[in-house]
Amino acid sequence: MNGYRYLAGIVTGSVSLLKGMRVTFANMVSRPHTVQWPRQTAPLPARFRGHIRMLADEETGFPRCFACGSCARICPSACITVQGRKPGDRKKKVAVRFLLDFTKCSLCGLCVESCPARALAFSRDYALAGYRDTEFRTMDLLEGLASPFQF
Amino acid sequence: MSAPPTYSLESTDNGNFLLNLGPQHPGTHGVLRVVLQMDGEYILAADPVLGYGHRMQEKIAENMTYLQALPYVCRMDYLGAMSYSLAWVCAVEKLCSFEVPERAVHVRVMACELNRIASHLLWWGAYLLDLGAFTPFLQAFADREQILDLLEYITGSRLTYCYFRFGGLAADVDDVFLRRVEDFVTGFRQRLPRYHDLVTGNVIFHHRSKDVGVILPFEAAGYGVTGPCLRGSGFAYDVRKCEPYSGYDRFEFAVPAEQEGDCLARYNVRMAEMEQSLAIIEQAVATIPDGPYRARVPRVIRPPAGEVAMAVETPRGELVIFMVSDGSTRPCRVKFRVPSFANLSIFARLARGQLLADALAILGSLDMVIPEVDR
Amino acid sequence: MSISPVTIVCYLLGISAVVGLNAVILVWLERKVAGHMHFRYGPMEVGPHGLLQTLADGIKLLGKQFLVPDAADRPLFLLAPVVSLVPIFVAMVPLPLGETLQAWELNIGLLLVVALGLLNTLGILLAGWGSNNKYALLGGSRAVAQILAYKIPLLLCILTIIMMAGSYSLRQIALAQKDGWYILYQPLLFIIYIVTITLETNRSPFDFSEAESELVAGFHIEYSAMGFSLFFLAEYSYMFIAAALASILFLGGWQGPFLPGPVWSLLKLYGIIFLLMWFRWTFPRLRIDQMLHLGWKILLPLALVNFLVTAGVLAL
C-alpha cells in the first residue's frame, strides 16, 4: 500500500510538473505583450495625469489664470507659486508668475479640479529627464504664453 | 520604556550567528529588516526591525485639510490604493453624514475590487518569486497590466489613484469603460485555469507551502491578524460582509475560508477571492444606474466635532481609520490601523525553528507592503 | 604516446572557442527563452534580435573593477572562480561532438568527465568560504549537501549505460547506439539523468547555492566584474558538458540521418539545454531538505532498481 502511494506520488507529481511546462511553453509561443518603447508607445488615456500646464485664453492668448491662488492653497505639497497683476484696462487680474515645483508634486490633480477659471490641464508629457533638479524646481508654466505686460 | 535591543553582527559564542535579512534583500519586498539568529539554516529567533520607510503619515494627515490628505493615504499601500482612499472618504462621509449617489457607489465597488484583483495578482507573482519561480511574476503582470490600464482610463493614474471624492467620484465613467471591464472579467475567468496549472497543482509548490507557517486560529485572533491570513486559519471574517460599507451588502459574494492555516491555505483563499471579486465586479457592471456621480457637498469640509472609526477590507486585511474632528477644517487626530503591521507581528512567532527558505515563503505568504507597515 | 606542444595549443584554442561561444549563445538563448515565457522579447537592441547583447555585457564586465572584500580570505577568494572554470577545459577533451571531432580519444573518458564535474562544487565551496559572507557561506555549504544527494544516482545512471555499452570510452558508447538510442531502452533512466544534471549544474529548481530570493546571490554574492563572469562562464560550460554527455549517453551522440555529425551533436545538446532552461523558468525552487529527499529516496532507489533490472536482463 505504501509502495503504491510512493509510486502514485511520483507519477502525479510528474504530471503536475508537465502541466506547468505546458503553460510556459504556450506562453513562449504566444505574442509578447511588451511595447518596445521608445520605438513604440502605448496609448495614453484621455485622463492621463501628467504635470500641470497652463491653458491660454482663446481670444487674447493670455493665460486663463487670474491668480486667485486656490490651486496653491489646495496643493497638499505646496508646490505652486502664483502671482497676478491687474492690467490697467481690465477688471480681472492676470497671472504674471506661475511656478510649479515639480520635485514635490505628487500628481494628485487637486489643483486642476479646484481651478475656477479652468486654466489648468494635465500635460501628456511623461518622459521628463534633466541634468539637475533645478530644472524641475521652478517650472515656469507661463512660458510660451502671451502676456499683457510686455515692456 | 525599555531601550531598543542592540545587535552585534559578530558570531555569538555558541556557534549561532546573526543574519541581517534586509533592509535590502529581494525576499523582503521593501525596506524591511529582519535580524535572524541562525543555527546553520535553522532560525532560532527572528526580530523584524521596522521604520526604514516611516513617513509620519498620521501626523501629515493631521496637518492637512481633509481633502489634501487624500493623495497621501493612497501612498501607504500603493498596491491597494483604492481601498485606502475609499476608507478615507468613507470616514469623512460618515463624520459629515454625506450621502453618496448610487452610481458612485457602484463605481467605487468596481474600482476597489479591480484593485483587489491587481493586488492579489502581484502577490501571486511575488510569492512565487520568493519560492524561486520567475515566470508567474510576469504572467501575473500581463493580467495586472490590463487592470491598471482600466483604472488609468478612469482615474488617469496607475497606482496612486486619488479618484474618490467626498460624496462621490472625481469623474464619471463611460460605457467604454464598463464594456472593457466586462471583457476583462470574461477574459480573466478564461485565463485563471492557466494560473492553477502553472502553480496551484504543481507538486513542488505543494511541498513548499503545505504545513509551512501554520497560524493557529487562536493565534490569528490574538495577534490581530486579518484579511486572507485570518481567513486561511478558519475564520470567515471579512469586513465587507460583517460590517458592510460602501454598498457591499448589495452584492452577492462568498467569503472563502480554509481551515489549515498554512501558506497553502492563504494561497487558496486569495485565489478564491479573486473569483469572488470578479463576481462582484460583474454584478456592479450589470446593475450600475444612471445618475449623478457626485453629491453636492460643501467646498470646504468642516465636519462637526466628534470621532469616527471606519473599517475597510483592503486586499491585505482590515484597515481602520480612526479620526477625531474638532470642528475645524483639519482632523484633530488620525490613527491608521493597518493590516500589514498586525500581520507582520506574527512573523517572529512563525519563523522560529524554520529553515531560512521557509521563513521567506512565510513572509511572502503574509503579503506585506512595507511602506504600509512603516506608515 | 607523445603529443606535440602545437597540438596542445590548438586543442586549447579550440576548446576556449567552444567555451566562449557556447556561453555567448547560451546566455542569449536563456534570456530569449525566459523573455518569451514571460511574454517579453528578451534582448532586442544589440545586434539582430539582441544576438550581440552577451558580448556587450561581457565587455562591460571586463571594464568593471574587481573588488576583493577586506574581510575575505584573499587567496581562496581569487582561486575559487579559477577552480570552477579550469576543469572544463580538461573535461571537454574526451567529448566526441562528431565522427572525427574529438580532441583526444580516452578509454576512460566518461570517468574523467564525471570526476571533473565534481570540481565545480569545490569552486562554489571555496567561493562561499573565501568570501567571508554569511549568505555566501550558506550557499557554499548547500552546494556540498547537494553533491551528496545527486552524485550517487548520477553514477548509477552512468554505470547502467557503461554496462550496456561495455566501455568507458564516450566514443564507443555513442557507437554502441548505432541501432537504437539508449533512451528507447531506458526512458526512466533518461529522466533520472536529466534531473541529476539539473542538480549538477545548480539550476532551478535546484539552484540552492545561488537562491536569489533567499541568499540574494549565494556563493557569488561578493564577486564583481571578471570573477562574476568566470562563474557565469563556468555555469554555462558545465551545462554544455552535462548536455553533451546526455546526448552521447542516451541519444547516440553525433549519429543521425542526413545532417553531418557535429550538427546532430549540437542539435541534441541544445535540445537538452533548452529542456533545462524550460525547467528553470517553470518551476519554483525546492527546499534543501526536499532536494535531499528527492535525491536519496526517489532518484537513488529508482536508479538502483533500474540498474539491477538492466543487469538482470543483460545477464539473461
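This text goes with the structure placed above it.
The following refers to the structure shown. (Residues numbered from 1 in each chain as written. Chains lettered and ligands numbered in written order. Predicted model: local features only at pLDDT ≥ 70, side-chain atom pairs only at ≥ 80, totals over all residues. Heavy atoms only, no water.)

Further remarks concern the overall build of chain B. The helix and strand inventory of chain B stands at 15 helices and 8 strands. The C-alpha atoms of chain B give a radius of gyration of 21 Å, which matches the 21 Å a tight globule of 375 residues would have. The proportion of buried residues among the 375 residues of chain B is 62%. A sequence separation of at least 24 residues applies to 72% of the contacts in chain B between residues at least 6 apart. Taken as two groups, the 36 positive and 44 negative side-chain charges of chain B have centres that lie 6 Å from each other. (Helix = DSSP H or I, 4+ residues; strand = E, 2+ residues; numbered from the N terminus. Rg over C-alpha atoms; globule rule 2.2 N^0.38 Å. Buried < 20%, exposed > 50% of the residue type's maximum accessible area, 1.4 Å probe, protein only. Contact = heavy atoms within 4.5 Å. Lys, Arg positive; Asp, Glu negative; His and termini not counted. Charge placed at Lys NZ, Arg CZ, Asp CG, Glu CD.)

Before going further, it helps to spend a moment on the environment of Ala361(B). All names here are of chain B. Secondary-structure assignment places Ala 361 in helix α14 (residues 356-365). Residues Ala 361 and Ala 111 lie 250 residues apart in sequence; the distance between their C-alpha atoms is 30 Å. Apart from residues no more than four positions distant in its own chain, Ala 361 is found in contact with Tyr 127, Leu 131, Arg 208 and Cys 263.

Residues and elements named next belong to chain A. Taken in spatial order, the 3 strands make up an open sheet running β2-β3-β5, and their pairing is antiparallel. Only two strands of the sheet have a single partner each, and these edge strands are β2 (80-85) and β5 (139-140). Both strand β3 (residues 94-100) and β5 contribute to a ladder of 2 bridges, which runs antiparallel. Following the sheet pairing, Leu 99 is matched in β5 by Asp 140. (Pairing = 2+ DSSP bridges.)

Residue Trp37(A) is joined to Pro38(A) through a cis peptide bond whose omega torsion reads 5 degrees. Not every positive phi belongs to a glycine, and Asp211(B) is a case in point at roughly 60 degrees. Its location among the elements puts Asp211(B) in the loop between α7 (203-209) and α8 (217-223). The exposure class assigned to Asp211(B) is exposed, which follows from its relative accessible area of 59%. Phi angles above zero are rare outside glycine, and His49(C) is one such case at about 50 degrees. By the secondary structure assignment, His49(C) is in the loop between α1 (5-37) and α2 (53-62).

A word on the pattern of salt bridges. Any two side chains of opposite charge can pair, on the condition that their charged atoms come close. Residues and elements named next belong to chain B. Following the criterion strictly, the structure yields 40 salt bridges over all chains and no others. Between Glu 313 and Arg 231 there is a salt bridge, with the nearest N and O atoms lying 3.0 Å from each other. Taken together, the positions of Glu 313 in strand β6 (residues 306-314) and Arg 231 in helix α9 (residues 228-231) put the pair 82 residues apart, joining distant regions of the chain. Accessibility assignment for this pair places Glu 313 and Arg 231 in one class, buried. For Glu 372, the salt bridge is made with Arg 316, and the minimal N-O distance between the two is 3.9 Å. Of this pair, Glu 372 sits in helix α15 (residues 370-374) while Arg 316 sits in the loop between β6 and β7 (317-325), and the two are 56 residues apart along the sequence. Of the two residues, Glu 372 and Arg 316, neither departs from the other in class, the shared state being buried. Sharing partners across several salt bridges, the network here consists of Glu 113, Arg 116, Arg 231, Asp 238, Arg 240, Glu 273 and Glu 313. (Salt bridge = Lys/Arg side-chain N within 4 Å of Asp/Glu carboxyl O.)

A few words on the interface of chain B and chain A. Each side of the interface is counted separately: chain B has 32 residues, and chain A has 24 residues. Summing both sides of the interface, chain B and chain A together bury roughly 2200 Å²; the carbon and sulfur share of this comes to 52%. Where chain B meets chain A, there are 3 salt bridges. For Arg165(B), the salt bridge goes to Glu113(A), with nearest N and O atoms at 2.6 Å. Applying the counting criterion to the chain B and chain A interface returns 15 residue pairs in polar contact (both at pLDDT 80 or more). Taken together, the elements giving at least two residues each to the side of chain B that touches chain A come down to α2 (70-73), α5 (135-155), α6 (175-200) and α7 of chain B. Of the residues contributing to the side of chain B that touches chain A, the split by class is 15 nonpolar, 9 polar and 8 charged. (Buried area = accessible area lost by both parts, 1.4 Å probe. Polar contact = N/O pair within 3.5 Å; in protein donor to acceptor, adjacent residues only side chain to side chain. Nonpolar A, V, L, I, M, F, W, Y, C, P; charged D, E, K, R; others polar.)

Another point: a nonpolar patch on the surface. Judged by side-chain polarity, Ile3(C), Ile8(C), Tyr11(C), Leu12(C) and Trp104(C) come together as a nonpolar surface patch covering roughly 420 Å² of accessible area. Within the secondary structure, Ile8(C) sits in helix α1. (Patch = residues over 30% accessible without salt bridge, like charges linked within 9 Å, V, L, I, M, F, W, Y side chains within 5 Å. Areas by Shrake-Rupley, 256 points an atom, 1.4 Å probe, with all protein chains shown as cover.)

Joining two cysteines, a disulfide is a covalent bond between their sulfur atoms. Residue and element names in this part refer to chain B. This model, assessed by the stated rule, comprises 0 disulfides over all chains. Free cysteine Cys 74: the closest other cysteine sulfur is in Cys 162, separated by 5.4 Å. Cys 74 gets classed as buried once you look at its relative accessible area, which sits at 0%. (Disulfide = S-S within 2.5 Å.)

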